[in-house]
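Fold and contact review
Residue-level listing of the chains:
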Amino acid sequence: MIGGLRMSRDPRAWIFLGVPSVFLVLLFVLPLVSMIVLSFWRTENYHIIQDWNVDNYHVVATAGAYVTFLIRSLVMAVIVSTLCVAIAWPVAYGVIVHGGRYKLLLSLGFAIPFLTGEVLRVIALQGLLGPLGLLNGVLMALGAAPLRFIMYTNIASAIGLVYLYLPIVVTVIYLSLLNFDMRLIDAARIFGAGPFRGFVEVTWPLNLFGSLIGFALCFVPCLSATLVPRFLGGPSGTLYGMALAQQFGESGTWALGAAMGVVLFLLSIAGVLLVFRFVDLRRSGFTGFGRS
Amino acid sequence: MATGNIARKLQKPALIGTMVLCYLFLYLPIIHIGLGSVSQNYSFPYPPKLTWATFERLAENTLYQTALGNSLLIGVLTALLSTLLACLATMGLLRHAGRHTVKFLILFIAPLFVAEVLLGLSSLIFNGLFLQLGGNLISAILANTVHCFSYALLIIATQLYRYDWRLDDAAMVFGATPLRTFFEVTLPLIWPGLFGAFIVCFIMAFNNLEISFYLLGATPTLPSVAWGALRYGIKPELYALASGVNVLVFAVLGIMFILMRTGAVRFGHKPERDRSAI
């Protein structure tokens, strides 16, 4: 009934699982492997020389700038992801509880901003937060001092990143809550738990998996953000992803870029594994995949 | 008990207040772009001086039209391909994987945890260095599909997870072929999930910069044109194009809202089961 036996006997299993697997191996795993290979080569005058060495990693580890960018990116990613989860919870919960028949419409509402390109939205944010932006324009028109900390600083970057990735986190938590049996809250209430206790002891732990996936899906792109720091971060706001993308653009040092990419990849994986170590799947209402 | 009552009374306005603030935050830049597209002073349109000149110039600009066409092509093909693959993969995971479920699941959702830039760059390295392929639309579509596939899988899995496979078995017992079972039993029940996955994938691929940028070569798409225009300052035509797309989408959502309001369509909403698991 289970496992290899059934898989090899059933041709449908090969179609259902084989096709996507082959697709991913060809277009996802092989490119990543080629990036790892490239990271052990070197670039000279825009030419790639197949000469196995670890100099690229040595540069990443010892050049002070890259380490600074990396630490700054890590701190930024942790703060932004935590903020996103904290904001997303009440919003997703509100849509579920008070959305009524318009739930689908309200959740689609989170996806609409994505239709406007990332570049344009970041430029628009610049227009809202920048020195000549709406926010400071209003403040100055009222005679108040402009808010300096939101102009081309790391705080502006953080606002921009929250803006870009909040919809993803809300959607993930929304999907998690959609599959959550709300009657459990009623049950907790009947047994005398207040709303706060009900949330801490029932709703939160049973949707922990959703929160963590949301956190991870925000953490990974934040760690490699390229656009936001470029336009909102200002002079001391360079993040790792921006420096990484430059190796493939202006500087033309592909091999170093590949090594930086491998470091980023390993860090994202480490971060995700760390986050998911906290999950006890059974405690979070996960009952396994096989239902038959 | 008393504090509990107060908290309960405060809960609804607090939740709705947060929701409203959040939507406002998300839509402020969109409104900024919309105002910018219809005013002469497009970089600071407060208050806007209305003009339609931008839209007229947009209608004459063939580069932006080509870019829109390419973006649409990438969006639709990526969404179709990833929804199809993710549907196969989810059904495979739930029905056929057996004790290999976790291994396959890790492979299938791994792209979620690899940043878009890395996907784009590693595909660029693989195509450019090892396959000697130049930039083209097809590799951009395929690389976007890798990214979108995992999102589609996540969305479809949340829907299919609750699907009762005994319905399929029942149909087969009564003599339906697997294909007929899928189209007459499974598909009508799971289409909201597939539709949601398609929409999300389309939106992600339509405007993807970080994957497509490295794989497209000289082919213009909306985000790459916007990126290119930045060197000389953003053009109001791009604002107009983005607003045009937004107005269209809001019109569709408005129609959906009216249809739901009048009760003509429900889009999967089942009032009598509002607070139940299945």
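As shown above, the structure is provided for reference.
Residues numbered from 1 in each chain as written. Chains lettered and ligands numbered in written order. Predicted model: local features only at pLDDT ≥ 70, side-chain atom pairs only at ≥ 80, totals over all residues. Heavy atoms only, no water.

Things to note about the interface of chain B and chain A
Contacts between the two partners involve 100 residues from chain B, matched on the other side by 104 residues from chain A. Roughly 9,600 Å² of surface becomes buried between chain B and chain A when both sides are summed, with 77% attributable to carbon and sulfur atoms. On the surface where chain B and chain A come into contact, there are zero salt bridges. Counting the contacts that link chain B with chain A gives seven residue pairs in polar contact (both at pLDDT 80 or more). Contributing elements (two or more residues each) for the side of chain B that touches chain A: helix H1 (2-37), helix H3 (62-96), helix H4 (101-109), helix H5 (116-130), helix H6 (137-160), helix H8 (178-206), helix H10 (222-229) and helix H11 (236-261) of chain B. For the side of chain B that touches chain A, the leading source of residues is H1 of chain B, giving 19 residues. When grouped by side-chain class, the residues that make up the side of chain B that touches chain A number 73 nonpolar, 18 polar and nine charged. (Contact = heavy atoms within 4.5 Å. Buried area = accessible area lost by both parts, 1.4 Å probe. Salt bridge = Lys/Arg side-chain N within 4 Å of Asp/Glu carboxyl O. Polar contact = N/O pair within 3.5 Å; in protein donor to acceptor, adjacent residues only side chain to side chain. Helix = DSSP H or I, 4+ residues; strand = E, 2+ residues; numbered from the N terminus. Nonpolar A, V, L, I, M, F, W, Y, C, P; charged D, E, K, R; others polar.)

So, the packing of aromatic side chains
Applying the stated criterion across every chain, the model contains 21 aromatic pairs over all chains. An angle of 40° between the planes, with centres 6.4 Å apart, marks the rings of phenylalanine 199 of chain A and tryptophan 204 of chain A as tilted. What makes phenylalanine 199 of chain A partly exposed here is its relative accessible area of 28%. For tryptophan 204 of chain A, a relative accessible area of 32% translates into the label partly exposed. Chaining the aromatic ring pairs together yields one cluster made of Phe231 of chain A together with Phe213, Tyr214 and Trp227 of chain B. Arginine 121 of chain A extends its terminal NZ or CZ atom over the ring of phenylalanine 114 of chain A, reaching a point 5.1 Å from the ring centre. (Phe/Tyr/Trp six-rings, centres within 6.5 Å; stacked < 30°, edge-to-face > 60°. Buried < 20%, exposed > 50% of the residue type's maximum accessible area, 1.4 Å probe, protein only. Lys NZ or Arg CZ within 6 Å of the ring centre and 35° of its normal.)

Things to note about helix H2 (residues 11-39) of chain A
With 29 residues, H2 of chain A extends 40 Å between its outermost C-alpha atoms, agreeing within 8% with the 42 Å of an ideal straight helix rising 1.5 Å per residue. Taking the largest bend as the criterion, H2 of chain A deviates by roughly 35°, centred on valine 25 of chain A. (Expected span 1.5 Å × (residues − 1). Bend = angle between axes of the 7 residues up to and from the residue.)

Details of the state of the cysteines
Under the criterion given, the structure shown has zero disulfides over all chains. Considering cysteine sulfurs only, cysteine 84 of chain A is the nearest to cysteine 218 of chain A, which forms no disulfide, with 3.8 Å between them. Overall, cysteine 218 of chain A belongs to the buried group, its relative accessible area being 1%. Of the cysteine sulfurs around cysteine 87 of chain B, a residue in no disulfide, the closest is that of cysteine 201 of chain B, at 12 Å. (Disulfide = S-S within 2.5 Å.)

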